[in-house]
Amino acid sequence: MINLSLPSPANLVPPPPKTLNPSRQKTPRTQTLKNPNSEHLKNRLIHQASVGHLRQAISTLDLMTQQGLTPDLFTYSLLLKSSIRTRQFHLGKLVHARLSESQLEPDSVSLNSIISLYSKNNDWVTANAIFENMGERRDVVSWSAMISCFSHNDMESKAISTFVKMLEFGEYPNQFGFAAVIRACSNAENAWIGDVIFGSVIKTGYFESDVCIGCALIEMFAKGSGDFDSAKKVFDRMPDRNSVSWTLMITRCSQMGNRKEAVELFIEMVESGYMPDKFTFTSLVSACAELGLLSFGQQLHAQVVKYGLAFNVCVGCSLVDMYVKCAEDGSMVNSRKVFDLIPDHNVISWTSIITGCGQSGKHSKEAIELYCKMIEDQVLPNHFTFSSLFKACSNLSDPDTGEQIYAHVVKMGLAAVNCVGNALISMYARSGRMEDARKAFDILFEKNLVSYNTIVDGCTKNIDSNEDFGVFHQIEDTGFVLDSFTFASLLSGAASIGAVAKGEQIHARLLKAGFESNQHIGNTLVSMYSRCGNMEAALRVYSKMERLNVVSWTSIITGLAKHGFATRALEMFEKMLNAGIKPNEVTYIAVLSACSYVGMIYEGWKHFNSMYKEYGISPRMEHYACMVDLLGRSGFLEEAMQLINSMPFEADALVWRTLLGACRVHGNIALGKQAAEMVIEKEPNDSAGYILLSNLYASVGQWNKVAEIRKTMKKKNLGKEAGSSWIEIENTVHKFHVGDTSHPQAEEIYKELDQLVTEIKEVGYVPDTSSVLQDVEDEQKEEFLLQHSEKIAVTFGLINTSKPKHITVFKNLRVCGDCHNAMKYISMVKQREIVLRDSNRFHHFKNGICSCNDYW
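From a predicted model like this one, the values you see are computed outputs, not experimental measurements.

**Q** Hey, could you run me through the overall build of the protein in this one?
**A** On a plain count of helices and strands, the protein comes out with 44 helices and 6 strands. Its C-alpha atoms give the protein a radius of gyration of 36 Å, clearly above 29 Å, the size a compact globule of 856 residues would have. Projected onto the principal axes, the alpha-carbon positions of the protein cover approximately 125 × 50 × 50 Å. The buried share of the protein, taken over its 856 residues, is 50%. Long-range pairs, those at least 24 residues apart, make up 64% of the contacts in the protein with a sequence separation of at least 6. When the accessible surface of the protein is split by element, carbon and sulfur atoms take 51% of a total near 40,300 Å².

**Q** Can you walk me through the packing of helix H41 (residues 746-762) against helix H44 (residues 817-830) in this structure?
**A** The description of two packed helices rests on the angle between their axes and on the distance between the axes. Running from N to C, H41 and H44 point in directions that differ by 90°, and their axes come no closer than 10 Å. As judged from the angle between their axes, H41 and H44 are roughly perpendicular. From H41, Glu-752, Leu-756, Glu-759 and Ile-760 reach across to H44, where they touch Ala-822, Tyr-825, Ile-826, Val-829 and Lys-830. Grouping the amino acids of the contact of H41 with H44 by side-chain chemistry returns 6 nonpolar, no polar and 3 charged.

**Q** Looking at this structure, I do not really get helix H38 (residues 669-682). What am I missing?
**A** Compared with the 20 Å implied by 1.5 Å per residue over 14 residues, the 20 Å span of H38 between its first and last C-alpha is a close match. Looking at the buried positions of H38, the neighbouring elements they touch are helix H36 (637-645), helix H37 (653-666) and helix H39 (687-699). Here H38 starts with a cap whose side-chain oxygen sits 3.0 Å from the backbone nitrogen of Leu-671, and that cap is Asn-668.

**Q** What is the right way to read the layout of surface pockets from this model?
**A** Left-over empty space is what a probe sized like a water molecule reveals as it rolls over the atoms. The computed volume of the second largest pocket comes to approximately 1,100 Å³. Along its surface, the second largest pocket is lined by 36 residues, and Lys-120, Ser-148, Phe-176, Ala-180 and Arg-183 are the ones closest to its centre. Sorting the residues of the lining of the second largest pocket by element identifies helix H3 (73-85), helix H5 (108-120), helix H7 (140-152), helix H9 (175-184), helix H11 (211-224) and helix H13 (243-255) as the ones contributing at least two each. Tallied by class, residues from the lining of the second largest pocket come to 16 nonpolar, 12 polar and 8 charged.

**Q** What is the right way to read H13 from this model?
**A** In an α-helix there are 3.6 residues to a turn, and that puts residues three or four apart on one side. For H13, built from 13 residues, the straight-helix expectation of 18 Å at 1.5 Å per residue is met to within 8% by its first-to-last C-alpha distance of 18 Å. Most of H13 is tucked away: 10 of the 13 residues are buried. Residues of H13 that are buried: Ser-245, Trp-246, Thr-247, Leu-248, Met-249, Ile-250, Thr-251, Arg-252, Cys-253 and Ser-254. Measuring from the side-chain oxygen of the N-cap residue of H13 to the backbone nitrogen of Val-244 gives 3.2 Å; that N-cap residue is Asn-242. After H13 finishes, the residue Gly-257 shows a positive phi value of roughly 90°.

**Q** Sorry, what's going on with the side chain of Thr-60 here?
**A** Note on placement: Thr-60 falls in helix H2 (residues 54-66). We classify Thr-60 as buried; its relative accessible area is 3%. Ignoring anything within four residues of it in the chain, the contact list for Thr-60 reads Leu-41, Arg-44, Leu-45 and Gln-48.

**Q** Where do I start with the environment of Asp-377 in this structure?
**A** Within the secondary structure, Asp-377 is located in the loop between helix H20 (364-376) and helix H21 (383-395). Between the C-alpha atoms of Asp-377 and Thr-86, which are 291 residues apart in sequence, the distance is 30 Å.

**Q** Just checking my understanding: could you explain the environment of Lys-751 for this structure?
**A** Mapping Lys-751 onto the fold places it in helix H41. Judged by relative accessible area, Lys-751 falls into the exposed class, the value being 67%. Once the C-alpha coordinates of Lys-751 and Ile-589 are considered, the two residues, 162 residues apart in sequence, prove to be 44 Å apart.

**Q** Where do I start with the confidence of the model for the protein in this structure?
**A** When pLDDT drops low, the exact placement of atoms in the prediction is not to be read closely. In this model, the protein carries an average pLDDT of 83, and 90% of its residues clear a pLDDT of 70 or more. Across the protein, the secondary-structure element scoring lowest on mean pLDDT is helix H26 (residues 465-478), at 59, and the one scoring highest is helix H32 (residues 566-578), at 94. Taken together, the stretch residues 1-34 has pLDDT below 50 and engages in 60 contacts with residues farther than four places along the chain or on a different chain.

**Q** I tried to follow the environment of Phe-163 on my own but got confused; where do I start?
**A** Within the secondary structure, Phe-163 sits in helix H8 (residues 156-169). When the C-alpha atoms of Phe-163 and Trp-703 are compared, they prove to be 90 Å apart, with 540 residues separating the residues in sequence. If we skip the residues at most four places from it in the chain, Phe-163 touches Ile-147, Pro-173, Gly-177, Phe-178, Val-181 and Ile-197.

**Q** It is not clear to me how the state of the cysteines should be interpreted in this structure. Could you clarify?
**A** Disulfides are covalent bonds that link the sulfur atoms of two cysteine residues. Under the definition given, this model contains 0 disulfides. Cysteine Cys-215 is unpaired, with the sulfur of Cys-212 as its nearest cysteine sulfur at 6.7 Å. Residue classification places Cys-215 among the buried positions, given a relative accessible area of 12%. Unpaired in terms of disulfides, Cys-288 finds its nearest cysteine sulfur in Cys-326, a separation of 7.3 Å.

**Q** Sorry if this is basic, but what is going on with the pattern of salt bridges here?
**A** A side chain with one charge can pair with a side chain of the opposite charge if their charged atoms come near. All told, the structure shown has 24 salt bridges when counted by the stated rule. The shortest N-O distance in the salt bridge between Glu-219 and Arg-252 comes to 2.7 Å. With a gap of 33 residues between them, Glu-219 in helix H11 and Arg-252 in helix H13 connect regions that are remote in the sequence. Salt-bridge contacts for Arg-620 lead to Glu-622; the nearest nitrogen and oxygen are separated by 3.4 Å. Each of Asp-400, Glu-403, Arg-433 and Asp-436 takes part in a single network of salt bridges with overlapping partners.

The rules behind each value
Residues numbered from 1 in each chain as written. Predicted model: local features only at pLDDT ≥ 70, side-chain atom pairs only at ≥ 80, totals over all residues. Heavy atoms only, no water. Helix = DSSP H or I, 4+ residues; strand = E, 2+ residues; numbered from the N terminus. Rg over C-alpha atoms; globule rule 2.2 N^0.38 Å. Buried < 20%, exposed > 50% of the residue type's maximum accessible area, 1.4 Å probe, protein only. Contact = heavy atoms within 4.5 Å. Areas by Shrake-Rupley, 256 points an atom, 1.4 Å probe, with all protein chains shown as cover. Axes fitted to C-alpha atoms, helices over the stretch in contact; angles between N-to-C directions. Parallel < 35°, antiparallel > 145°, perpendicular 65-115°, else oblique. Nonpolar A, V, L, I, M, F, W, Y, C, P; charged D, E, K, R; others polar. Expected span 1.5 Å × (residues − 1). Polar contact = N/O pair within 3.5 Å; in protein donor to acceptor, adjacent residues only side chain to side chain. 1 Å grid on protein atoms, 1.4 Å probe; cavity = no way out; pocket = protein on both sides within 12 Å on 5 of 7 lines; lining within 4 Å. Points joined across faces, edges and corners; volume = space filled by probe spheres on them. pLDDT = per-residue confidence, 0-100. Disulfide = S-S within 2.5 Å. Salt bridge = Lys/Arg side-chain N within 4 Å of Asp/Glu carboxyl O.

This is the structure:
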């Protein structure tokens, strides 16, 4: 057993600091209460102590002493218990001082109360000194009080050791001693000891007769062992449950992820006639937030009002969180109403509403404004507040404001707190400032796995694969055990740049680490392989997954759709429905995209209409954008416009850009101009609308209009994203820009490219100069076409790989018509399969044919 080394007890119990009048006479303890007024004073004191008026009771005590009366030990014990019950510990210490000066010899009852007093006040040293000096006067209550003291003060080992000493002392524990020591076993380190004690509890009969022990056991199994089933068995066998035991079970149920069962328990609790309290409602509302049960959450809100808990801070914060997470449109209206009703805001309530604004994504500016009001109200923020503020700054892509907030962090001495540092790293990374993110990471005093995961995730989102793999090796060197999030981030990084070789390496590492059965990892692997152009590998991973959820099905459907296998994607969707898996919004985006990629108008309308009718999913902006793309690229521009006008909300820039792209394909200048104006109105500082309109005018030779747009862009300081393509060869990513001559093999590449163009011209390739959207001579246009980045990347791949390996190239923009045509001829001449992933989809070129059937 654990050996406990306690400090040597003092020879005398140190009385608290004296606050009595030094001139007051001490009454000999042998004097009896004979004064006729004594009974009246004693009764008044007892009444005052009973109703919690402790200060008046102490005044009555002093009055009795001044009149030469000596209160008995019962009176002092009553006052001590009253101070503990009302948590007026400072007054309890005053009573202890009066008892020390009274010359009465404290008995075990009063000493036990004093131990409890100091224990509840987190002063275990004084409590332990009193306990040690009790000697033979220690009884089972004394031991139980001391065990509870250690347990209450997070000194679990001392609590368990004292329990063992009690047994050695010859005292057998009662229900309070058992409950206290079981609470000390409510952690992973001591849970096994709790199992041993549990056996003794069963033998004594306390298990099925005491609510406190039942609650302690629930806590031990839930928190200590993570064994929800055993916790539930204990609860089910408790014959006498109260509101505390119901609330504890509901809370632990919700915290351990069994939120539906928590809701069911609550309903059973109410039906059994027990009254929920603020803790019950807080847990239940939080469960509703995670489950997205807005309707039930609103019913709970009504009950909160009924029970008079609407102004409680904890309940209010949980309601704020629920309305944020359950609002389909990201609205903060209901959350803000709840927040405004809380009368006395503290750091928790302020942090709750600030966090909600940041989470919703649409109210990040409001989060900053609320922070300013919080400071004006002189409420000091904590580390959670700052973490949420950095997230809001990330959403706004406003690291400058974030830096001002960080100055407050430093001023308050919270810069070394992990969650603050991690949020700062994430803010910089999401704003594209990876150098600052890396500095924030490097200066973090004590990094944890979350810190490493945050920097890895930042690198992957900024397409800095070499950097994130470098951090990966750093994590291994630190000895941290990599978690699923680390591997998922690394796989995402490999997918973002098409580094399939690196993805395969990570796949091998995670298999070695034992994550092959992890559902989240499986889903990420499917996504990684499909995004890297290896659909066969994605299907293999998918087929080996033991458990499939909606994300698994959606990942494979999305992959098949992106690769142009629309029919297989829709077949997979039907299999998903037959398997009883309910699709979500993202699933339908994948399904509608599959229809759009091949022009399946009938199927597209069928699935679009079934979303709400069959599954209650209201179409979002992305679903309308898919339908506009499907109709527009099929030439039904007027129908696409009618759909936009019928939308239940105002179309955003995405929808108008989609229509504008279709107008360019079909040369509809009038409608294209209208769409472009809407894009520019929605996003005046985004160059995409101007560029699409410029390309539209260029495609029909209106060069004066092109010049006007370019002049406008120059005035607004709006630049065009440069086209680039990249290819992975032998675990190294090689990136090329238009007309790139910086590569070490540049001379060899262009020489091979010239020869390649000659070969494909001989079999029918004719340069499509209409793809050059510049007003120059045809000969110069053909020269421009030769310098497109995807042609350079494919040529580099032909030089550095051999048959039969296919060549996979990635491009940041849509592939142009000429390059698309050239790839078909190159695949035929060189007898090599070419896979090209542009910003929209995959193109598989083989034997002169593209998987998209020239519909893109």
